Amino acid sequence: MDIFGNTLDQPINLINHDGLVDYYGHLLTDTQADDFFEKLLESIEWKNDRAIIYGKEIITQRKIAWYGEKPFNYTYSNTTKKALPWTQELLDLKNRAENKTHETYNSCLLNLYHNGSEGMAWHSDAEKDLKQNAAICSLSLGAERKFCFKHKRTKEVVSLKLKHGSCLVMKGATQKNWLHRLPPTKIPTKARINLTFRTMAI
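This write-up is about the structure you can find in this document. Everything quoted here is computed from the prediction, not taken from an experiment. (Residues numbered from 1 in each chain as written. Predicted model: local features only at pLDDT ≥ 70, side-chain atom pairs only at ≥ 80, totals over all residues. Heavy atoms only, no water.)

Before going further, it helps to examine the pairing of strand 15 (residues 192-198). Here strand 15 lies mainly inside the structure; seven of its seven residues are buried. As paired strands, strand 8 (residues 107-113) and strand 15 are joined by seven bridges and run antiparallel to one another. Considered in strand 15, the bridge of Leu-109 is made with Thr-196. With six bridges joining them, strand 10 (residues 136-142) and strand 15 adopt antiparallel strand pairing. Bridge pairing in strand 15 places Leu-139 opposite Leu-195. (Buried < 20%, exposed > 50% of the residue type's maximum accessible area, 1.4 Å probe, protein only. Helix = DSSP H or I, 4+ residues; strand = E, 2+ residues; numbered from the N terminus. Pairing = 2+ DSSP bridges.)

Below, the structure is given as structure tokens:
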């Protein structure tokens, strides 16, 4: 089935140089994705994200949560988060992601976007707390949103729409050579939860 279908026999590599981004299509059925979305919305300890930029504290409308197998410290945007213990739903999704991608993960950063006006600017996930070149698995629940990659040197842009229940993996030199973002949209959308399963350097 093509990239916009529900299932893929093999993942599709979205970038052909300086990294690897595999799109797996749907990891969950629509019914499963609906169920996980509602459970995570209620059970996760969501908090507005904080960033220190040029010495000024910025508080986002977007909410985040940080979980892991240990109380890992994760520092980005000059703020540090301490991981909460796994919930049963997160463990279930982690196991599904590991079985699908043949990778292992020990933590998860979740983002809650309430509507299309909330997004994420260009960035790469290359913090020193993360294991270098390890896979990051992005699982999307809720509203379908556009997701973009931009090469740091050539400025080449690759985009796709991430569907409800779909799975995408970034690994290898991707974070070194590419930026990614979730652009805001004026098209009315419902809420979206994004889970990024990661591996902390131990």
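The discussion continues.
Of note in the backbone geometry, Ser-77 takes a positive phi value of approximately 50° without being a glycine. Mapped onto the elements, Ser-77 comes out in the loop between strand 5 (73-76) and strand 6 (79-82). Residue class for Ser-77 comes out partly exposed when judged on its relative accessible area of 38%. The phi angle at Lys-155 is positive, at roughly 70°, despite the residue not being glycine. Checked against the element boundaries, Lys-155 lands in the loop between strand 11 (145-151) and strand 12 (157-162).

The buried count for strand 2 (residues 20-26) comes to six of seven residues, which makes it a mostly enclosed element. Bridging between strand 2 and strand 13 (residues 166-171) involves six bridges; their strand directions are antiparallel. The residue bridging Val-21 from the neighbouring strand is Met-170, located in strand 13.

Moving on, we get to the pattern of salt bridges. Counted by the stated rule, this structure contains nine salt bridges. A salt bridge links Glu-57 to Arg-50; the nearest nitrogen and oxygen atoms lie 2.5 Å apart. Exposure remark for Arg-50: the relative accessible area of 38% places this residue in the partly exposed category. In this structure, Glu-144 engages Lys-163 in a salt bridge whose closest nitrogen and oxygen atoms are separated by 3.3 Å. (Salt bridge = Lys/Arg side-chain N within 4 Å of Asp/Glu carboxyl O.)

Overall, antiparallel pairing links the four strands, which are arranged 9-14-11-12 in an open sheet. At either end of the open sheet lies a strand with only one pairing partner, and these are strand 9 (120-123) and strand 12. Going from strand to strand, the sheet's axes swing by 15° on average, the running direction of each strand aside. The pairing of strand 11 with strand 12 spans six bridges and is antiparallel. Residue pairing in the sheet places Lys-146 in a bridge with Lys-161 of strand 12. (Axes fitted to C-alpha atoms, helices over the stretch in contact; angles between N-to-C directions.)

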